[in-house]
Each structure stands twice: as C-alpha cells, then as structure tokens.
Amino acid sequence: MERLNFHLIEKKWQSHFAKKNLQRKDGTKFYCLEMFPYPSGKIHMGHVRNYTIGDVIARYKFLNGYDVLHPMGWDSFGLPAENASKLNNLHPKEWTKKNIETMKSQLKLLGLSIDWSLEISTCDKLYYKHQQELFIDFYNNGFISKKETYVNWDPVEKTVLANEQVINGRGWRSNALVERKKLSQWFFNITKLSSELLEDLTKLNGWPEKVKTMQANWIGKSKGCELDFSIVSEKENIAVFTTRPDTIFGASFIALSADHPLSKKYADNSEFIKFKKACDKTGTTEEAIANAEKIGFKTTLEVIHPFIKDKKLPVYFANFVLMDYGTGAIFGCPAHDQRDFDFAKKYNLEIICVVSENGEDKNLNEAYTGPGKMINSQFLNGLNFSDAKERIINEIEKKKIGKGKTLFRLKDWGVSRQRYWGCPIPMIYLKDGSVVPVEKSELPIELPNDIDLNSKGNPLDVHPSWKHTVHKATGEKATRETDTLDTFVDSSWYFLRFCSPQHSTSPFDEKKVNQWMPVDQYIGGIEHAILHLLYSRFFTKAISVCNNKINISEPFKNLFTQGMVCHESYKDENGNWLYPEEIMKINSNEAIKKSDKTKVVVGQPESMSKSKKNTVDPELMISQYGADAVRWFILSDSPPEKDIRWSDTGVSSANKFLQKVWNLNCSICNKKDLPSNSKIESEFVSKVEEYIYKIDNSINNFRFNVSIAQFYELYKLFNKYFEKEISNDVLKGSMIKIMKLMIPFVPHLAHESLEILNCKNVEIWPKINKFIKLEKIKMVIQVNGKTRDVVDIKKDLSEEEIFKITMNETKAKKFLKGKKINKRIFVKNKIVNYLIKI
C-alpha cells in the first residue's frame, strides 16, 4: 500500500479549516473556550494539549448540530514583554506582534477549528479602550477605590503583586521573596461581592469540586465575634476579632498589627522602629506570615481579661497580625493556634490548654487545633467546642462587650502595577488633589511609543510629556495616573468580548453576550483555580450590576482542568540544565551528553518548563510525525485531567497506527466486492454500532483516551471481518461512520479518508443507537485486599467511573466512607482494590 504523505494532506486541510468556522444557522449554541495564551514566542506541549482537548469538544458539538463559538486571542500585555524588549532592544509592541504571528502559525499547524475572524489581543487599543470604559463604569458604581495600604512588593520586578500572585512568600514570576511596602494603590473592591462569590459556587455543578473548594477556602467565610478588651489605666479599648471565642480562657496575650492605631504611641521609639522595619521584610500574604519567624515588640500596655477576675494580659505588636483582617488585633491562645504557640514559646508566655480531645489537661509540644471538650474554662467546661463557641458569644453580647460577626478572608484586589506595558488606568489627578475619571469620549488613553524602558522605576512616570494632560470639563491642567493595570484584569472579561469582537460602541454587544454566555465549556489549568477564575467571576457579577441589559451571573458553566505535560529533566555534571536533544539515552535511567560524552543526571518526569529545559518543540514533532500523530498521542496516553508523560516513541507509534488506518481506508475503496452473508453482516454492523455508542459516550465524558482505545479495537474488528462475506457497501458505510468519529481527534486524516470514501455529508455525526445493550462483566471490589462486593457493570468502564459506582451503589462504600484512600490498584474489567489506613 502506498504510504500516506501526512504533511501534504495536512497542508491541504489546514487551508480548508482556515476558511471555515463552526457556525450553523438555527443550531443550538455551544461556546467552547480554552484559556487565553500569553504570546511568549513559541507554543509548548501544554498549549497543544489544552487546545487539542478544546478542539475535540468544539468539533464534536458542531458535528452534532450545534452552532459553535470557538475563538482565540492573546493575553499580550505584561512584564515579560517589557523585560524581553530591554534585552532585545525592541519595542514591546513589536516583540509581542512578532510572537503572536509565530504562535498563530504554529497553532494553525494543529488543524484547530478556531474561528480566527474573532481574534483579539489585549494590547490592541481597540480592546483596552473598552477595558478602560469598564474601569470607569466600575469606579462610578463603587467597585473601584484608591487607598493607601501595605502591599506585596516584588523587589526584582519592582512592582506590586496581588495576594493571589504570591506563592509561598515569593513572586509568582520572579520567585523573589516578597516585601511589604506602603503605597497608594487602585483596588477592585472584590470584597463587596464576597457573599455572592461564595454562595454561587453551589450553582457551578459543571466545575470540579477541587476548584470550588479552593475558591471557597480562599474567600474564607469566618464566623466569630468582635470582643472589646479594656486597657488598664486607659479609657480606650482594644477591639479584637476572633473565630475561636471558645478559647478565651486560654488567652495569654494581645497581639496587634504593626500598623494598628496604637502604634502611634511608639512612633518615636527606636526599638519599635527597628521592629517595624523587620516586619516590612515579610509580605502581606498569610502564607508569607505563617512561614516567617515570629517576632514581637512588647508595649507598656496591659488589658483586663473579660472573664477571669484580676487577670491582665500583656499587649505586643507582632509581625503575624494583619491590619486588613478583622480589627488588626487578636488575643493569643497559644495552646490552640500554632502561630500563637511559636510566639508564646519565644517570649515565655503562658500556654493554657482549654480544648482537650479526651478531657485531660496536658503539656503541649505544639498547638492542638482539633475538636474536643472544654477544660480550664469555668462555665464552658464539658461543652464541645462548637457549643462553647455559641455559649461564649451569648455571654459576650449579654455583657455588652462585643457581638457575633462574620468576616471573609478575601481581600480587595490591588491592580496598580508600576510598569509601562499594560493598560493605562483612565484616571487623572487635579490641582486640588482630587482624582477623577477621564471622559469616555477621550478613550482610549494610549501608551506613548517613545519610551525609555531602561529608566529607573515606572517608565511612564518619567516620560517627559505623556502624564501631562487637561481636565476636559474645566480646562485645568491635570496629571495622568502612571500606574498600569494588572494583566489579570485583561483576562477577566475577554470571554465577553469574543461574543462581538468588532463591536465598537461599547465593550460588547449585549444581545450577543446574552446569546452566547455563559461559556458552555471552559478548558484551562488548575493553576488558575483562584487567580483568573475568581477574578473572571467577579468581573461578570460586577458587569451585571453596572449593566442591567446583561443577565448572567457566572462566566463559565462547565470547567475542565487538564493535566500537565511532563518530561524527564537533565543536568550535566556542573548542574546545568540540558535540553532533551542535547543528551543521548543509554537506558531508561542513564544518559550522556552528546557533545563530550560526560554523564548526565536524569531527573524524574515533571511539568515541562523552559527554565529546566525539559521541553519538546511541538513544531519539530509535527514536522517529523505530522499534526494528527501529535494530537492522537497527546489525547491517548492518559485521561485528559491527569498529567501525561511525553514520549517520542509514543508519537511515532501514533503515526504508524494512523498510517494503518489510511491503508485500511484505501483497501476498502479498492476491495473487490464479495457475495454477502446477512448473518455475518448483521453481526459486524452490530459490533460497529456498539463501538460507535462507546466512543460517543466517552467523548461526552471527556474520556478521550478511552475513545482512542476503542478505535484500536475497531481497527482489529475491520481487519477480522475484511475478507468475510460482507458487501463493500456495508464495509464502506461502516468505515465512513468511523472516520466521522475520528474527525475531532485527527481531522486531517479523517477528512482525507472521507473524501476518498466519497462521503457527501461529512458534517453530520453518525446516528447513535442508544438502545444498545452493552456487554456486562463482574467487577470485584476490594478494600485492603478483602472482597467487599462483586458487581455487574458495563464492560470497559474507567477507574473513575467504577469509583463513583463503588461509592454510590456497592456494599464496599461503608468501608470507604470518610476514609483517605492511599492507593488504588485497578485491573480493567476484573478488579479494583482500595488501600486505606485503618
């Protein structure tokens, strides 16, 4: 059989796909969207996986009669472009434009069903003009404010970071230790919608529970109370918010934020000044504070314990208390809070156990934070901690020294960034010190092209003319805001703009937004579970408040978080990272450097990263094996939500299999017709229909690897029946159905095959026989090696599908409920063994 030239047919069909979108007339709408890419210069395998998954779903829905919106754009502002411009002596606009052209051409090689007529770029003034308009609307509706506060300062990038952009106390891009810095900043008042953002998570049935839990924890609703402590010999009180008022009898000190109003008493104290400078070396996030060494400054103040007669508590300033949570003051209960425990140990303060698991008092080596009954707590003794919490709040309110209160962990979102390459903030400062929005008729406020990126600080701040302007309403001289917006603002509403990207009079056409939104299927990485997804939810809700013509409250109906693409990492003997093409494998665990034959250290497979050089160039793989082979492998190796280990051998095998599929198509087209046997034909058709049902079902459930496994079985089935008494019409008709099923996975090969099979209605999905009785098997369900049930289930179910059945329909569920499963041992169609800790 003549070997198929994949590159030739891919070039042919890429041209076809480029002219076509997935819009139908009068079809049910389906909006499929993958996460916005940053134009870094080259696509990577993470992009390939993300967009191939989206392409499967978009094509599948289109073939099933849906009117599909499948757009693409570029998250093109940001500090990396600014830094690259300095290195390459190229303007950020030119650097970004060049990268977009490169990445766009690479994505087109994959044969994606993207409608490029909808393309947008956030650094395009037509996009950020409308973003500035939204900013003004938000400001006028109370969703934006400017305030002086301590912020997370990245000393390397020399810019402010939102709490969500600080990971383990370090900048999310630079990895530098973040510091505290007091600045006047613009904030999106996301806390105004804390309750809605938390409560509406229950409506997101199409989101992974893990993501919803992460967001709920970040929003962090805390029920507790505010309690006043009287300062000895003073008329003032210290108001404290606590989520654990039940531990009041274990209080041994009061801790204040270094920015608490009482800090003014010590403004001239040299030791306090030294202490405060040390606090500034710590960021403002809870993670940074939790990991920092606990330090304090003891004041001359004491407070009266509200329930223990004649007991006084010392007052400290402490670096682990934040001014923007609660009242900026806590009571320290060292026995039941680890930060308080560490602080008490350092400053030799009392540690009084008031909650005990078994009712016994004991010396603690660390804070006990679990449940139990109250001890050493007077009228609370013997109560469980939740009942004690309710009782003590009642007593506090009865004594009129406080009241029950609910707070949220979520902070307002600081969006000011001290850099050039970002969306200009459309605000101006007047002579009297007031700040007002520019008039919308002046939009867009454009960035100047003549910029010195090597200047110290914010380049816009030192530009000779850009910041000088006039207040249109009064004709008075004014000064522009020189900070630009955090790039997460750019990606918090792009899904709305895609609905009408050419709309010029407002950020979007309300009719189009109400037609297409919410996004039916959103695909992106778990790493944006808090950042991008939370901000997008906030924007959608805020826009609905500002614009009564928009009737959506959530941006993404269904969310799928794909796994990472992983590869071994390599280091030479000096610890320098090496690219895969620089090494030669001796065996699975050993390798040498090609250039000098020296030993290479082979690391475990981990997420592909440019910094570790464990990347594979998709364009190289496509040129070597074809786009369809790359798509086939990236979907076949594991479930799409799991990490995948890259394998050149796997792509090569995919290419070989697709060649076999092509050869089979050619064989069917050239086959000499044989007399048919109705019984054999019926048997064959029945088996094909069963596979069609399974593949359709697995696509619907995002089990693309299962779909591909079924295609391998189908290939065997066709070969088995090829020489049997089956008419060519039946063989060809069945093959047409199978190639239609393959369109979402390998569109180039599938379309070429359908063309030689003379298929006239390519864009119609095969009819699914939903009354097929799938073969059933007996599945053994074990817990720690003991059989707890044997169930009759459909053949070829996945491990996750069987887990759901186990937890809902089997006798084994009572042995697993509430237990942590350490490991699953799964043998397909035979047995699953859940290993738990007894």
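All values derive from a computational prediction rather than experimental measurement.

Peer 1: Let's hear about the overall build of the protein chain: which residues, and what values?
Peer 2: Within the protein chain, the secondary structure is distributed over 24 helices and 39 strands. Expected size for 838 residues packed as a compact globule is a radius of gyration near 28 Å; at 32 Å, the protein chain falls within 12% of this value. Counting only residues that meet the buried cut, the protein chain has 55% of its 838 residues in that class. Relative to all contacts within the protein chain whose residues are 6 or more apart in sequence, the contacts with residues 24 or more apart total 72%.

Peer 1: Pulling in residues and values, what's your account of the pairing of strand β38 (residues 821-827)?
Peer 2: The side chains of a regular strand alternate, residue by residue, between the two faces of the sheet. In this structure, β38 lies alongside strand β39 (residues 831-836), joined through 6 bridges in antiparallel fashion. Bridging across to β39, Arg824 finds its partner in Tyr834. The turn joining β38 and β39, which pair antiparallel and follow one another in sequence, is formed by 3 residues; a positive phi near 65° is taken by Asn829.

Peer 1: I'd like to hear about the sheet that holds strand β26 (residues 521-525), residue by residue, with values.
Peer 2: Across the sheet, 4 strands lie side by side as β2-β1-β26-β27; this open sheet has parallel pairing. Whereas interior strands pair on both sides, the edge strands pair on one side only; in this sheet they are β2 (66-69) and β27 (559-562). Neighbour-to-neighbour, the strand axes of this sheet turn through a mean angle of 20°, independent of strand direction. Here strand β1 (residues 28-34) runs beside β2; their pairing, made up of 4 bridges, is parallel. Paired with Phe30 across the strands is Val68, a residue of β2.

Peer 1: Describe the packing of aromatic side chains, with residues and values.
Peer 2: A full pass over the atoms with the stated rule returns 60 aromatic pairs. Ring geometry for Tyr266 and Phe317: centres 5.8 Å apart, planes at 80°, overall edge-to-face. Pair noted here: Tyr266 is in the loop between β12 (253-256) and α8 (270-279) and Phe317 is in strand β14 (residues 312-318), with a separation of 51 residues, a long-range link. Plain terms: the ring middles of Phe343 and Tyr347 are 4.7 Å apart, the flat faces sit at 45° to each other, and that makes the pair tilted.

Peer 1: Explain the nonpolar core to me, and be specific about the residues and the numbers.
Peer 2: One finds Trp632, Trp646 and Phe718 to be the most contacted residues of the largest nonpolar core, which totals 93 residues. The element that contributes the greatest number of residues to this core is helix α2 (residues 45-63), accounting for 10 residues. Each residue touching Trp632, except ones within four places of it in the same chain, is listed here: Ala654, Phe657, Leu658, Ile708, Phe711, Tyr712, Met742, Phe745 and Val746. Residues Met35, Leu201, Leu410 and Leu430 belong to the second largest nonpolar core, which totals 82 residues.

Peer 1: How would you sum up the layout of surface pockets? Please name residues and give values.
Peer 2: What the largest pocket holds in volume is close to 1,800 Å³. As for the largest pocket, its lining consists of 45 residues, and the residues nearest its centre are His44, Trp172, Arg173, Glu527 and His528. Those elements that place two or more of their residues in the lining of the largest pocket are α2, β7 (166-167), α7 (209-219), α12 (487-490), β26 and α15 (531-546). At 5 residues, the largest contribution of residues to the lining of the largest pocket is made by α2. For the second largest pocket, the calculated volume is near 1,200 Å³. Together, 32 residues line the second largest pocket, and Pro208, Phe560, Glu641, Arg703 and Lys804 are the ones closest to its centre. For the lining of the second largest pocket, the residue count by class is 12 nonpolar, 9 polar and 11 charged.

Peer 1: Any details on the packing of α2 against helix α19 (residues 678-700)? Residues and values, ideally.
Peer 2: At a closest axis distance of 11 Å, the pairing of α2 and α19 adopts a crossing angle of 125°. Considering their axes alone, α2 and α19 lie oblique with respect to each other. Note that α2 runs across α19; the crossing there is left-handed. In this structure, α2 contributes Val56, Ile57, Tyr60 and Lys61 to the contact, and α19 contributes Asp696, Ile699 and Asn700. Tallied by class, the residues present in the contact of α2 with α19 amount to 4 nonpolar, 1 polar and 2 charged.

Peer 1: An account of helix α20 (residues 704-721) is needed here, citing residue identities and associated values.
Peer 2: Relative to the 26 Å expected for 18 residues at 1.5 Å per residue, α20 spans 26 Å between its end C-alpha atoms, a close match to the ideal helical length. Within the sequence span of α20, burial applies to Phe704, Asn705, Val706, Ser707, Ile708, Gln710, Phe711, Leu714, Tyr715, Leu717, Phe718 and Tyr721. On its buried face, α20 sits against α2, α17 (627-636), α18 (648-670), α19 and α21 (728-742).

Peer 1: Pulling in residues and values, what's your account of empty space enclosed by the protein?
Peer 2: Enumeration according to the criterion identifies 3 cavities of 30 Å³ or more in this entry. Considering only enclosed or pocket space, the largest cavity measures out at about 140 Å³ in volume. If you trace the largest cavity, you find it lined by His16, Phe17, Lys20, Asn21, Leu22, Arg59, Phe62, Leu63, Ser113, Ile743, His751 and Glu763. Residue assignment for the lining of the largest cavity shows that the elements contributing at least two residues are α1 (6-18) and α2. Broken down by element, the lining of the largest cavity gets its largest block of residues, 3 residues, from α2. Residues that form the lining of the largest cavity fall into these classes: 5 nonpolar, 4 polar and 3 charged.

Peer 1: Outline the side chain of Arg480, listing residues and values.
Peer 2: Among the secondary structure elements, Arg480 is positioned in strand β24 (residues 477-480). Within the buried set, Arg480 has no salt-bridge partner at all; the shortest N-O distance to an opposite charge, 5.4 Å, is to Glu442. Arg480 has contacts with Met427, Ile428, Tyr429, Val438, Ile445, Trp466, Lys467 and Thr469, leaving out every residue within four places of it along the chain.

Peer 1: Describe the state of the cysteines, with residues and values.
Peer 2: Under the definition given, this model contains 0 disulfides. Looking at the unpaired Cys333, the closest cysteine sulfur is the one in Cys353, lying at 8.6 Å. Not engaged in a disulfide, the cysteine Cys669 finds its nearest cysteine sulfur in Cys666; these two sulfurs lie 6.5 Å apart. According to the relative accessible area criterion, Cys669 is partly exposed, its value standing at 25%.

Peer 1: Could you give me a rundown of α17, with the residues and numbers involved?
Peer 2: Every α-helical turn comprises 3.6 residues, leaving residues that sit three or four positions apart pointing alike. Where burial is concerned, most of α17 is hidden: 9 out of the 10 residues are buried. Where α17 is concerned, the buried positions are Ala627, Asp628, Ala629, Val630, Arg631, Trp632, Phe633, Ile634 and Leu635.

Peer 1: Describe in detail the packing of α18 against helix α22 (residues 747-756), supporting the description with residues and values.
Peer 2: The N-to-C vectors of α18 and α22 enclose an angle of 10°; their axes lie 10 Å apart at closest approach. Here α22 runs roughly parallel to α18, going by the angle between their axes. For the pair α18 and α22, the contacting residues are Leu658, Val661, Trp662, Asn665, Cys666 and Cys669 in the first and Leu749, Glu752, Ser753 and Ile756 in the second. A class-by-class count of the residues in the contact of α18 with α22 yields 7 nonpolar, 2 polar and 1 charged.

Peer 1: Give me the lowdown on unusual backbone geometry, citing residues and values where you can.
Peer 2: The linkage connecting Leu443 with the following residue, Pro444, adopts the cis geometry, with an omega of 5°. Examined against the element boundaries, Pro444 turns out to sit in the loop between β22 (435-437) and β23 (468-470). The linkage connecting Met517 with the following residue, Pro518, adopts the cis geometry, with an omega of 0°. Within the secondary structure, Pro518 is located in the loop between α14 (510-516) and β26. Phi at Phe702 takes a positive value of approximately 55°, unusual for a residue other than glycine. Tracing the sequence through the fold places Phe702 in the loop between α19 and α20.

Cut-offs applied
- Residues numbered from 1 in each chain as written.
- Predicted model: local features only at pLDDT ≥ 70, side-chain atom pairs only at ≥ 80, totals over all residues.
- Heavy atoms only, no water.
- Helix = DSSP H or I, 4+ residues; strand = E, 2+ residues; numbered from the N terminus.
- Rg over C-alpha atoms; globule rule 2.2 N^0.38 Å.
- Buried < 20%, exposed > 50% of the residue type's maximum accessible area, 1.4 Å probe, protein only.
- Contact = heavy atoms within 4.5 Å.
- Pairing = 2+ DSSP bridges.
- Axes fitted to C-alpha atoms, helices over the stretch in contact; angles between N-to-C directions.
- Phe/Tyr/Trp six-rings, centres within 6.5 Å; stacked < 30°, edge-to-face > 60°.
- Core = buried A, V, L, I, M, F, W, Y, C linked by side-chain atoms within 4.5 Å.
- 1 Å grid on protein atoms, 1.4 Å probe; cavity = no way out; pocket = protein on both sides within 12 Å on 5 of 7 lines; lining within 4 Å.
- Points joined across faces, edges and corners; volume = space filled by probe spheres on them.
- Nonpolar A, V, L, I, M, F, W, Y, C, P; charged D, E, K, R; others polar.
- Parallel < 35°, antiparallel > 145°, perpendicular 65-115°, else oblique.
- Left-handed = near helix turned anticlockwise from the far one by under 90°.
- Expected span 1.5 Å × (residues − 1).
- Lys, Arg positive; Asp, Glu negative; His and termini not counted.
- Salt bridge = Lys/Arg side-chain N within 4 Å of Asp/Glu carboxyl O.
- Disulfide = S-S within 2.5 Å.

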